[in-house]
Amino acid sequence: MTHLGASGDDRAKGPVGGPEAVALEIAEAVESLTALWSLAAQGGPLRLSLHQLRALRALEADPGLNLTTLAERLEIGLPTASRLCDRLEAAGLLERGPHPLRRREVQLGLTAQGRHVLGDVARRRARALADVLAGMDPLERMALRRGLRAFLASRDDPPEQKPE
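Parameters and conventions
Residues numbered from 1 in each chain as written. Predicted model: local features only at pLDDT ≥ 70, side-chain atom pairs only at ≥ 80, totals over all residues. Heavy atoms only, no water. Helix = DSSP H or I, 4+ residues; strand = E, 2+ residues; numbered from the N terminus. Contact = heavy atoms within 4.5 Å. Areas by Shrake-Rupley, 256 points an atom, 1.4 Å probe, with all protein chains shown as cover. Salt bridge = Lys/Arg side-chain N within 4 Å of Asp/Glu carboxyl O. Buried < 20%, exposed > 50% of the residue type's maximum accessible area, 1.4 Å probe, protein only. Core = buried A, V, L, I, M, F, W, Y, C linked by side-chain atoms within 4.5 Å. 1 Å grid on protein atoms, 1.4 Å probe; cavity = no way out; pocket = protein on both sides within 12 Å on 5 of 7 lines; lining within 4 Å. Points joined across faces, edges and corners; volume = space filled by probe spheres on them. Nonpolar A, V, L, I, M, F, W, Y, C, P; charged D, E, K, R; others polar.

A. Structural detail: the overall build of the protein. Along the protein, the regular secondary structure elements total 6 helices and 2 strands. N-terminal to C-terminal, the α/β element order of the protein is α-α-α-α-β-β-α-α. For the protein, restricting intrachain contacts to residue pairs at least 6 apart in sequence, the fraction spanning at least 24 positions comes to 43%. Split by element, the accessible area of the protein, about 11600 Å² in all, is 58% carbon and sulfur.

Structure, rendered in structure tokens:
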């Protein structure tokens, strides 16, 4: 991985502000953010794995998923998803129930405790990020905010690519 302060052997060739160079810097920042969020997620009474958190988030976003759909969303195998759900159910974070229209299908959903845990993780992550942002100059913080908004706008409405 490129280091922002490194001598540059592994940096992308091209202009300092070019898309490839900036992409490497952003990738490093994302790794740092991921580590920060992971540490914040581990700070609560329950230590959840990344897969467990992703499963809970998927069920928060789309309650009533079945096991097959959850496995597809998490890009894991069905047996792995089943064991994952077994552990979440044993911890009281997930519940299984019959589908109202398809008798043979089981729906997955968050328990009240599961929703509480996700809220707690979100609050700890936001606090950890706010602590880092508080150490930034206010103008840099606003520039980061503008840059992130522009990034999201570009992602949502990418410019047309010219054929090569």
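B. Fine view of the pattern of salt bridges. Per the stated rule, a full pass over the model turns up 6 salt bridges. R57 serves as the salt-bridge partner of E60, at 3.6 Å between the closest nitrogen and oxygen. Here E60 and its partner R57 are both found in helix α2 (residues 50-61), 3 residues apart, which amounts to about one turn of the helix. Judged by relative accessible area, E60 falls into the partly exposed class, the value being 42%. According to the relative accessible area criterion, R57 is partly exposed, its value standing at 46%. Between D120 and R124 there is a salt bridge whose closest N-O contact spans 2.7 Å. Taken as a pair, D120 and R124 lie in helix α5 (residues 112-134) at a separation of 4 residues, close to a single helical turn. By the burial criterion, D120 is buried, and R124 matches it. The structure contains a network of salt bridges with shared partners spanning D86, E89 and R96.

C. Representation of the nonpolar core. Counting 23 residues, the largest nonpolar core has L56, L70 and L88 as its most contacted members. Listing elements by their share of this core, those giving two or more residues are α2, α3 (67-74), α4 (78-90), β2 (106-110) and α5. For this core, the element with the most residues is α2, which contributes 5 residues. Beyond its immediate chain neighbours, meaning those up to four positions away, L56 contacts L48, L88, L93, L110 and L118.

D. Quick look at the layout of surface pockets. One number sums up the size of the largest pocket: a volume of about 1200 Å³. If you go around the largest pocket, you meet 33 residues; those closest to its centre are A29, V30, L33, L129 and L148. Contributing elements (two or more residues each) for the lining of the largest pocket: α1 (19-42), α2, α5 and α6 (138-156). By residue number, the principal contributor to the lining of the largest pocket is α1, which donates 12 residues. By residue class, the composition of the lining of the largest pocket is 20 nonpolar, 6 polar and 7 charged.

E. A look at unusual backbone geometry. Residues other than glycine seldom take positive phi values, yet E75 does so here, at roughly 55°. Tracing the backbone through its elements, the reader meets E75 in the loop between α3 and α4. A residue is classified by how much of its surface remains accessible, and E75, at 72% relative accessible area, is exposed.

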